[in-house]
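# Coordinate inspection notes
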Amino acid sequence: MEIRQIEYFLSVVETGSFSAAADKHYISQSSLSKIINALEKEVGVALFDRSKRNVFLTEAGKVFLEHARKIDLANKAMFADLRGYISGADSFSIAAIPVITQYGIATYIAQFREVFPHIDFTLEEIDGLNIIPALEEGRFDMAFTRHPYLDPEKFTSIEISKDKLLVVVSKRNHHAPRSSVSIKELADDNFIVFDRVTDLHKLILDECGKAGFEPTIFYSSHRKVSVFGLVGANIGIALVPSKIYDYHKHTEVLAIPLVEDIECNMVLVHLKNKKLPKAAKTFMDFMREACAS
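Residues numbered from 1 in each chain as written. Predicted model: local features only at pLDDT ≥ 70, side-chain atom pairs only at ≥ 80, totals over all residues. Heavy atoms only, no water.

### Let's talk about unusual backbone geometry
Using the following cut-off: Numbering goes from the N terminus for both helices and strands, where a helix is a DSSP run of H or I of at least four residues and a strand is a run of E of at least two. To sort residues, take the accessible area from a 1.4 Å probe on protein chains only and compare it with the maximum for the residue type: under 20% means buried, over 50% means exposed, and anything in between is partly exposed.
Despite not being glycine, Asn-234 shows a phi value in the positive range, around 65°. Mapping Asn-234 onto the fold places it in the loop between helix H8 (224-232) and strand S10 (238-241). Classification of Asn-234 as partly exposed rests on a relative accessible area of 29%. One non-glycine residue, Lys-249, lies in positive phi territory at about 45°. Structurally, Lys-249 can be placed in the loop between helix H9 (242-248) and strand S11 (253-257).

Structure, rendered in structure tokens:
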């Protein structure tokens, strides 16, 4: 089994199609299909159900996905650890949950590279619940993540953007005319949620627990477009950060403010007891000034 096969498998899962995954890696769809077929032959099971228009994971594929993500993470961590020995340069590494565009982080990074073109660093996208372990294990110097589960005794953080959860419903949903909704009023609704490896999944479950119920999760997805699509079809409701809602602007849904003020602010963090490379400190100072202005 090759790392390349793992990467292509994860891209198919992420994009939801073989053609989109092939485009992402700049190869033909037929070439990617052959690579995935070879992977399935090697593990001895079908990983994808291709019987329908869209591609879905088989039950075996879901099991393989968990291991594939761990392998991919370990591979990236290995190269991150070796990078300093290879280049000998003052560099640093950043982990990020997959929302750098929605929160303007990509713009900040582009501005930093313009001001400091000589500074070398890497940016890796990983799942929200893996952020804190990755920092604690030293695989990254810092991370862009949400704040609710950070221990202020262990982490130093810079607030990048304030955000809070909204209730997102179909325009045909019975909640649609409401000016506000409390979480406890959603106890009988189907929930469309982000995948369990995200920090939002945990936050939503915890907040529903505080309101006295366990949500009925009809569907969970790693892809935001799938969440909005199912909500738009009036299959269920979703609790979504306002910045994510504003960015996607799905025509079939609307957002209702929550009675509860549930913050999910975006921050840049690092371990207090970790000595940062000089270049990383420069980046932290840049972000602190940029966000303050």
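Now that the structure has been shown, we can carry on.
### Comments concerning the sheet that holds strand S3 (residues 91-96)
Defined as follows: What makes two strands pair is DSSP finding at least two bridges between them. Note on geometry: axes are lines fitted to C-alpha atoms, helical ones only across the stretch in contact, with angles between N-to-C directions running from 0 to 180 degrees. In this description, contact between two residues means that some pair of their heavy atoms is separated by no more than 4.5 Å.
Across the sheet, which stays open at both edges, the five strands sit in the order S4-S3-S5-S12-S6 with mixed pairing between neighbours. Strands at the two margins of the open sheet, each flanked by one partner only, are strand S4 (120-125) and strand S6 (155-161). Averaged over all pairs of adjacent strands, the angle between their axes in this sheet comes to 25°, without regard to strand direction. Of the strands in this sheet, S3, S4, strand S5 (142-146), S6 and strand S12 (266-271) are in contact with helix H5 (residues 105-115), which crosses S4 at around 165°. Its contacts with the sheet put helix H10 (residues 278-292) on S3, S5, S6 and S12, and the angle it makes with S6 is roughly 40°.

### Re the packing of helix H1 (residues 3-15) against helix H3 (residues 29-43)
What counts, and what does not: Note that the term roughly parallel is reserved for angles under 35 degrees, roughly antiparallel for angles over 145, roughly perpendicular for angles of 65 to 115, and oblique for everything else.
Between H1 and H3, the least distance of the axes is 10 Å, while the angle of their chain directions is 110°. When the interaxial angle is binned, H1 and H3 end up roughly perpendicular. Facing H1, whose interface residues are Arg-4, Gln-5, Tyr-8, Phe-9 and Val-12, H3 presents Leu-32, Ile-35, Ile-36, Ala-38, Leu-39 and Glu-42.

### Brief notes about the environment of Phe-18
Position of Phe-18 relative to the elements: it lies in helix H2 (residues 18-25). By relative accessible area, Phe-18 is classed as buried at 7%. The spacing of Phe-18 and Arg-113 is 95 residues in sequence and 33 Å in space, taken between C-alpha atoms. Ignoring sequence-local partners within four residues, the contact set of Phe-18 consists of Val-12, Gln-29, Leu-32, Ser-33, Ile-36, Phe-48, Arg-50 and Val-55.

### Section: H3
Formally: The span one expects for a helix is its residue count, reduced by one, times 1.5 Å. Along the arc lie the directions from the helix axis toward the C-beta atoms.
Across its 15 residues, H3 extends 21 Å between first and last C-alpha, which sits within 8% of the 21 Å expected from 1.5 Å per residue. Listed as buried for H3 are Leu-32, Ile-35, Ile-36, Leu-39 and Glu-40. The arc that holds every buried residue of H3, seen down its axis, measures 140°, which confines them to one face. Facing away from the buried side of H3, by more than 90 degrees, are the exposed residues Lys-34 and Lys-41.

### Details of the pattern of salt bridges
To keep things clear, this is the line we draw: One side-chain nitrogen of Lys or Arg within 4 Å of one carboxyl oxygen of Asp or Glu is enough to make a salt bridge.
Considering all chains together, one arrives at 14 salt bridges under this definition. Two residues, Glu-40 and Arg-50, come together in a salt bridge whose shortest N-O distance is 2.9 Å. Here Glu-40 is found in helix H3, whereas its partner Arg-50 is found in the loop between strand S1 (48-49) and strand S2 (56-57), with ten residues between them in sequence. According to the relative accessible area criterion, Glu-40 is buried, its value standing at 10%. We classify Arg-50 as partly exposed; its relative accessible area is 37%. Ionic pairing is found between Glu-66 and Arg-196, a salt bridge with its closest N-O pair at 2.8 Å. Placement of the pair is Glu-66 in helix H4 (residues 59-87) and Arg-196 in the loop between strand S8 (190-194) and helix H7 (199-210), with a sequence separation of 130 residues.

### Things to note about the sheet that holds S11
Reading across the sheet, the three strands line up as S10-S7-S11 and stay open at both edges, with antiparallel pairing between neighbours. Edge positions in the open sheet fall to S10 and S11, since each of these has one partner strand only. Within the sheet, the average angular offset between the axes of one strand and its neighbour, ignoring direction, is 45°. The sheet contact formed by strand S7 (residues 165-170) and S10 spans four bridges and is antiparallel. In the strand pairing of S10, Val-167 is matched with Leu-239. In the packing of H8 onto the sheet, contacts are made with S7, S10 and S11, and the angle to S7 comes to roughly 50°.

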